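# Summary of structural features
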Amino acid sequence: MSGQNSGSKINVVIADDQPLVVESVERLLSAMSDVGSAQTVDHVDALFDHLRQHTCHLVIIDPAIATGPGVTPKGLALLRKLRIHYPAVLLIVLTAETSADLLQNVVELGVTGLVSTRDDASSLADAITRALERHCFLGPAVCSRIYGSAHWRDDPHAVGQRLSKRELEVLVDYTAGL
């Protein structure tokens, strides 16, 4: 991947409490030459403990991850807290969520990537590659849910008016195959 300037390897945290998902993501990351280490955490408290103690470049997270024993946020509140406290960390959301409104809210938080568990593994690999190049990536199922809903199709000229500048850039990149 060409996104890393100095050829240094990145440290990744997989924050998910589903063993099959974790195993699949680990397998994908092991084949990527830019990944130096991949740690896993299975609840929110462990994620924040890890981020406080270790250098992390990229977090791949399911926002529905278990919260752990402490009082910790979940869902959009969790993603918001990560963006506020760790703004330099690239954040890719891997979710089974299908609500167009909730997916749109995740995009608006400024995540680096948003991939559905319904997408194939190459979408997550593409999201990682784009993140390292400092570009945003939305998986095909996410794009379909957000931009394929009826209210977007009713007025094709309204898409540019309803999307933020950044969202429009992502959509243009996605449709161009970038």
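Each remark here, short or long, concerns the structure printed above.
Small disclaimer: the values here were computed from a predicted structure and weren't measured.

Right, let's get into the environment of Ile128. Tracing the chain through its elements places Ile128 in helix α5 (residues 121–132). The exposure class of Ile128 is buried, given its relative accessible area of 0%. Separated by 16 residues in sequence, Ile128 and Thr112 have C-alpha atoms that sit 8.8 Å apart.

Attention shifts here to the layout of surface pockets. Of the pockets and cavities examined, the largest pocket occupies roughly 200 Å³. The wall of the largest pocket is formed by Val21, Ser24, Val25, Leu28, Leu94, Val115, Ser116, Thr117, Asp119, Asp120, Ala121 and Leu124. Of all the secondary structure elements, the ones that give two or more residues to the lining of the largest pocket are α1 (19–30), β5 (113–116) and α5. In terms of residue count, the dominant contributor to the lining of the largest pocket is α1 (four residues). Among the residues forming the lining of the largest pocket, the class breakdown is seven nonpolar, three polar and two charged.

Turning our eyes to something else, we now look at empty space enclosed by the protein. Per the counting criterion, the structure on display carries one cavity of 30 Å³ or more. By volume, the largest cavity amounts to about 30 Å³. Partitioned by chemical class, the residues of the lining of the largest cavity number six nonpolar, no polar and one charged.

A few words now on the sheet that holds strand β6 (residues 137–138). Spatial ordering of the open sheet is given by β2-β1-β3-β4-β5-β6, a layout of six strands whose pairing is parallel. Bordering the open sheet on either side are β2 (35–41) and β6, each of which pairs with just one other strand. As paired strands, β5 and β6 are joined by two bridges and run parallel to one another. When the bridges of β6 are listed, Leu114 appears paired with Leu138.

Let's shift gears to the nonpolar core. In this structure, Leu47, Val59, Ile61, Leu82, Leu114 and Leu138 are the most contacted members of the largest nonpolar core, which totals 31 residues. Elements that contribute at least two residues to this core include exactly β1 (10–15), α2 (44–53), β3 (58–61), α3 (76–85), β4 (90–95), α4 (100–108) and α6 (140–147). One finds Val12, Val22, Ala131 and Phe137 within the second-largest nonpolar core, a separate group that totals 23 residues.

Okay, unusual backbone geometry next. In this structure, Arg134 is a non-glycine residue whose phi angle is positive, near 65°. The residue Arg134 is located in the loop between α5 and β6 in this model. Residue classification places Arg134 among the exposed residues on the basis of a relative accessible area of 54%.

Moving on, we get to the pattern of salt bridges. According to the stated counting rule, one finds three salt bridges in the structure shown. Where Glu133 meets Arg130, a salt bridge forms, and the shortest distance between an N and an O atom there is 3.7 Å. Its relative accessible area of 10% is what places Arg130 among the buried residues.

Next up on the list: the packing of α4 against α6. Where α4 contacts α6, the axes come no closer than 8 Å and their chain directions differ by 115°. If you check the angle between α4 and α6, you find them roughly perpendicular. Handedness of the crossing formed by α4 with α6: left-handed. Contact residues: α4 offers Ala100, Leu103, Gln104 and Val107, while α6 offers Arg145, Ile146 and Tyr147. Class assignment of the residues belonging to the contact of α4 with α6 gives a composition of five nonpolar, one polar and one charged.

Let us now look at the packing of aromatic side chains. Taken as a whole and assessed by the stated rule, the structure comprises one aromatic pair. With a centroid separation of 6.2 Å and 40° between ring planes, the pair formed by Phe48 and Tyr86 is classed as tilted. Of the two residues, Phe48 is situated in helix α2 and Tyr86 in the loop between α3 and β4; the sequence distance between them amounts to 38 residues. Owing to a relative accessible area of 5%, Phe48 belongs among the buried residues under this scheme. In this structure, Lys81 packs its charged tip against the face of Phe48, placed 4.6 Å from the ring centre.

The rules behind each value
- Residues numbered from 1 in each chain as written.
- Predicted model: local features only at pLDDT ≥ 70, side-chain atom pairs only at ≥ 80, totals over all residues.
- Heavy atoms only, no water.
- Helix = DSSP H or I, 4+ residues; strand = E, 2+ residues; numbered from the N terminus.
- Buried < 20%, exposed > 50% of the residue type's maximum accessible area, 1.4 Å probe, protein only.
- 1 Å grid on protein atoms, 1.4 Å probe; cavity = no way out; pocket = protein on both sides within 12 Å on 5 of 7 lines; lining within 4 Å.
- Points joined across faces, edges and corners; volume = space filled by probe spheres on them.
- Nonpolar A, V, L, I, M, F, W, Y, C, P; charged D, E, K, R; others polar.
- Pairing = 2+ DSSP bridges.
- Core = buried A, V, L, I, M, F, W, Y, C linked by side-chain atoms within 4.5 Å.
- Salt bridge = Lys/Arg side-chain N within 4 Å of Asp/Glu carboxyl O.
- Axes fitted to C-alpha atoms, helices over the stretch in contact; angles between N-to-C directions.
- Parallel < 35°, antiparallel > 145°, perpendicular 65-115°, else oblique.
- Left-handed = near helix turned anticlockwise from the far one by under 90°.
- Contact = heavy atoms within 4.5 Å.
- Phe/Tyr/Trp six-rings, centres within 6.5 Å; stacked < 30°, edge-to-face > 60°.
- Lys NZ or Arg CZ within 6 Å of the ring centre and 35° of its normal.

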